Amino acid sequence: MAAGVAAWLPFARAAAIGWMPVASTPMPIPPQEKKKGQDGLIILNVSGTKFQTWRTTLERYPDTLLGSTERDFFFHEETNEYFFDRDPDIFRHILNFYRTGKLHYPRQECISAYDEELAFFGIIPEIIGDCCYEEYKDRRRENAERLQDDEEMDMNNDVTPVNLTYREYLWRAFENPHTSTLALVFYYVTGFFIAISVMANVVETVPCGTLPNRSKEVSCGDRYALAFFCLDTACVMIFTVEYLLRLIAAPSRYKFVKSVMSVIDVVAIMPYYIGLVMTDNDQVSGAFVTLRVFRVFRIFKFSRHSAGLRILGYTLKSCASELGFLLFSLTMAIIIFATVMFYAEKGSPASKFTSIPAAFWYTIVTMTTLGYGDMVPKTIVGKVFGSICSLSGVLVIALPVPVIVSNFSRIYHQSQRAEKRRAQRKTRLARIRAAKIRGTNAYMRYKQNGLLIDSLEEASKEAGQALVGKAATPPFESQHHHLLHCLEKTTNHEFVDEQTFQANCMEISVMNKSGSRTSSMSSSPHGLSSCCSRRHRKKSSFSLPSTNNQELSTIQIRERPVANSRSSLNAKLDETVPLKCDEPYITPSMVSLSAPVVTSSDGDGSTTTAYSQSNIVRVSAL
Amino acid sequence: MEAIQGMEVFAIGVVIILFMAVLKQFGILEPMSSFEDSSDSDLELSTVRHQPEGLDQLQAQTKFTRKELQSLYRGFKNECPSGLVDEETFKTIYSQFFPQGDATTYAHFLFNAFDIDRNGSIRFEDFVIGLSVLLRGSVTEKLNWAFNLYDINKDGYITKEEMLAIMKSIYDMMGRYTYPCVRDDAPSEHVDKFFQKMDKNRDGVVTIEEFIETCQKDENIMNSMQLFENVI
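Worth saying up front: this structure is predicted, and the values here are computed from it rather than measured. (Residues numbered from 1 in each chain as written. Chains lettered and ligands numbered in written order. Predicted model: local features only at pLDDT ≥ 70, side-chain atom pairs only at ≥ 80, totals over all residues. Heavy atoms only, no water.)

A word on the overall build of chain B
From N to C terminus, chain B includes 12 helices and four strands. Here the contacts in chain B between residues at least 6 apart in sequence split such that 58% fall between residues at least 24 apart. When the accessible surface of chain B is summed, it comes to about 13,600 Å², and 57% of that surface belongs to carbon and sulfur atoms. (Helix = DSSP H or I, 4+ residues; strand = E, 2+ residues; numbered from the N terminus. Contact = heavy atoms within 4.5 Å. Areas by Shrake-Rupley, 256 points an atom, 1.4 Å probe, with all protein chains shown as cover.)

Written as structure tokens, this is what we have:
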């Protein structure tokens, strides 16, 4: 029931007195209404911005946070108000929902921030009013697509796991030519041969001068038949090999065979083989000539090499309905105008409009404003209708075209955006990593200074003294360090830095070796070897700390927030604990410090900038 | 030859139509364009508004306290910012309380009962005066109000047809899914029972005196009149 209507409930109940005299049975007892006290004002303090409203306004929706007793958890006795540590700008809309019964979505707000606020206050997004619902849904879908794109990109950009089978390696090489030089070479070679093949097809038909003993011009294909044949053979060899390799490497052969690109490949090479098989039979030579036409489909193989072509194809596919409509309306108009023109020109002598189908040609040529001039109306009536025909042709064609254009533009921009995001993400991630390093470096420092002492208190005292250049360690930091220490003790493993780890695990060698190793090298070899041999698929959950691979050498930067997006960058090092030595797409970035310099947070800043730069370099080199 | 003649006439007709279309663009042919203007008037914003009398007068006229009047007005104004409730809005609001049936007919009768001066809209004064009677009035006043509700044409007599209409509207609010199923003759049966009870002199109509007298003797009715005292 809508909120505003709830205000009329007392009225409806009062009006029920009208039923009393005609009632056949006695009325039930009304519910006991505890005197809730007078309708008072409630003060809602949202991050300093005070909102006030009547209590009954809030109680209209008892299944939300503000309308139920849940709000008592936020009651602040000292100031006699309800305090919420949330965004006041978005809260405004939420409070308006209670007041007016309609929830609106402000366009300038970020969709995920808004969603979070709604979830916090217990309001389901489905009740967003009609005026804003479409916008909300669009933004949400866009956001979901974006996150999905990121995920897909994550999966695509995995560094090669060491133990891929040969087949999977081959498939990855085909799909992603940038993964290895061999794949790149193959990519360019095939592209080159496609171009050669297409050009050969074209040049074949050019007239090449006359043979000595004939007077007719012959085409180049006939003159240099052998050369062209050899060229064709070479190209087809390459294409066949490529196709077979793809077929072998495909994870799902059936799906591969059904895909468009494979069909194009087959169509491109079939004519050659059929031509080999067929002899110079006169009856089938006509068909043979037709087959050669299919050789031109080799040009479509370029779509593997060009994203733009793929986008075009995708656009046309997605605009199928508009194209269908265009075709239908054109057909209707053509038939109408052809009929009219036929009957208009019927009386004129030597008229070319011999039948309605013959008039189709005229109508098409006129409507698309081609106007070849091979068929023209001669009577006045014919000319009148001919002019109407051409005017309407312009209109009919102009209408669906903008739809197709906007579709193409949308898809194109989407792909551009994907490219841009890919490029930006490396810098972004490097910066995020640098911030995280500060946290981990602090911990390593702490360990460096206080490690060899077992007792916690002494360690923290020493660490505290050592760390403190001038100021006391902030309590958050010290608690954090304590936590990490506890973790180490729990698992009987220790956090080490990158160097040590990589020295033990056979990884891609790091180019920058900076600084001295930390002294905490008591990692158990057992744990290291087991981790190296294990392959972890990347997933959002992390293995329990009780497993035996706790070396902190890779910091997993997760783009997708794990549940709580408000986790500070420093705080959740627990997430980084599971060792993923096989596939960090962000390379291990914890760098041990060049020892003596760092004692205070100021030094931290300068050194970390150096590190972050080195990190950035490393990322791009990868 | 005839075909060509026909085509020429057709061609001339088409040309004339196109010519008229072009002239319309230039506004030379006015008569056609007047149709378009009327559609714009839909976008006119209604500026009818009503402000209620002052709080003091209303306090004098009704039995509500100031705070109650304030609370009532806030709810009223929230739902009807213009200060007037027209019948359609009233029906919509009332129907929301009875989602499984059709409350529009009864809402219509209710609307007429509240709209004392029969001007097609309920102002806040009508609303609050009606509520005052229903919630704070004496039993006689309430019975008077009920009689007024049943008496559709306000002539002082409740006829069988009026009662039947009221009864049908009440049963309509129940909707289809009831237990036991509402039979088609249930309303008229109910009306007969009512008349049997109320119509003392068997003249086929119920007057206000008969109504009040009978109701005061019926204990059930008297009890139920007190049910909604605490609604506000």
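The structure having been displayed, the exposition proceeds.
Thoughts on the overall build of chain A
Helix and strand content of chain A: 23 helices and six strands. Looking at chain A as a whole, 39% of its 622 residues qualify as buried. For chain A, the computed accessible surface area is about 34,800 Å², with 62% contributed by carbon and sulfur atoms. (Buried < 20%, exposed > 50% of the residue type's maximum accessible area, 1.4 Å probe, protein only.)

Concerning the pattern of salt bridges
All names here are of chain A. Applying the stated criterion across every chain, the model contains 26 salt bridges over all chains. Between Glu-135 and Arg-139 there is a salt bridge, with its nearest N and O atoms 3.9 Å apart. Taken together, the positions of Glu-135 and Arg-139, both in helix H6 (residues 130-156) and four residues apart, correspond to about one turn of that helix. Glu-242 serves as the salt-bridge partner of Arg-246, at 3.0 Å between the closest nitrogen and oxygen. Here Arg-246 pairs with Glu-242, and both are found in helix H10 (residues 225-249), just four residues apart, close to one helical turn. The exposure class assigned to Arg-246 is buried, which follows from its relative accessible area of 7%. Here the residues in one salt-bridge network are Glu-242, Arg-246, Asp-265, Lys-301 and Arg-304, joined through shared partners. (Salt bridge = Lys/Arg side-chain N within 4 Å of Asp/Glu carboxyl O.)

Things to note about the interface of chain B and chain A
With 53 residues of chain B in contact, the opposing surface of chain A contributes 42 residues. Carbon and sulfur atoms make up 76% of the surface buried where chain B meets chain A, a total of about 3,800 Å² over both sides. Considering only the side of chain B, the residues that lose the most area to chain A are B:Met7, B:Phe97 and B:Phe228, jointly responsible for 16% of the buried surface there. Here chain B is connected to chain A by zero salt bridges. At the junction of chain B with chain A, the criterion picks out two residue pairs in polar contact (both at pLDDT 80 or more). Here the element with the most residues in the side of chain B that touches chain A is helix H1 (residues 2-25) of chain B; it accounts for eight residues. Grouping the constituent residues of the side of chain B that touches chain A by class yields 40 nonpolar, seven polar and six charged. (Buried area = accessible area lost by both parts, 1.4 Å probe. Polar contact = N/O pair within 3.5 Å; in protein donor to acceptor, adjacent residues only side chain to side chain. Nonpolar A, V, L, I, M, F, W, Y, C, P; charged D, E, K, R; others polar.)

Focus: the UniProt feature "transmembrane region" (unreviewed entry) in chain B
Per the UniProt entry, the sites bearing "transmembrane region" (unreviewed entry) are residues 6-23 of chain B in this numbering. Along residues 6-23 of chain B the backbone is 100% helical and 0% strand, and the end-to-end C-alpha distance reaches 26 Å. (UniProt positions renumbered as here; feature names shortened; annotations may be inferred.)

Here's the deal with helix H8 (residues 139-150) of chain B
Over its 12 residues, H8(B) runs 17 Å from end to end, which matches the ideal 16 Å to within 8%, given 1.5 Å per residue. Among all positions in H8(B), only B:Val139, B:Lys142, B:Leu143, B:Trp145, B:Ala146, B:Phe147, B:Leu149 and B:Tyr150 are buried. (Expected span 1.5 Å × (residues − 1).)

Looking at the packing of helix H5 (residues 87-95) of chain B against helix H6 (residues 104-114) of chain B
Residues and elements named next belong to chain B. Following both chains from N to C, one finds H5 and H6 inclined at 125°, their axes separated by 9 Å at the closest point. On the basis of the axis angle, H5 is oblique to H6. Both H5 and H6 take part in a crossing whose hand is right-handed. In this structure, H5 uses Glu-87, Phe-90, Lys-91, Tyr-94 and Ser-95 to contact H6, whose residues at the interface are Thr-104, Tyr-106, Ala-107, His-108, Leu-110 and Phe-111. (Axes fitted to C-alpha atoms, helices over the stretch in contact; angles between N-to-C directions. Parallel < 35°, antiparallel > 145°, perpendicular 65-115°, else oblique. Left-handed = near helix turned anticlockwise from the far one by under 90°.)

Details of the state of the cysteines
All names here are of chain A. Taken as a whole and assessed by the stated rule, the structure comprises one disulfide over all chains. Each sulfur in the disulfide pair Cys-208 and Cys-220 lies 1.8 Å from the other. One disulfide, between Cys-208 and Cys-220, carries an S-S torsion of 70° and so falls in the right-handed class. Of the two residues, Cys-208 is situated in strand S5 (residues 207-210) and Cys-220 in helix H9 (residues 220-223); the sequence distance between them amounts to 12 residues. Since its relative accessible area comes to 9%, Cys-220 is described here as buried. (Disulfide = S-S within 2.5 Å.)

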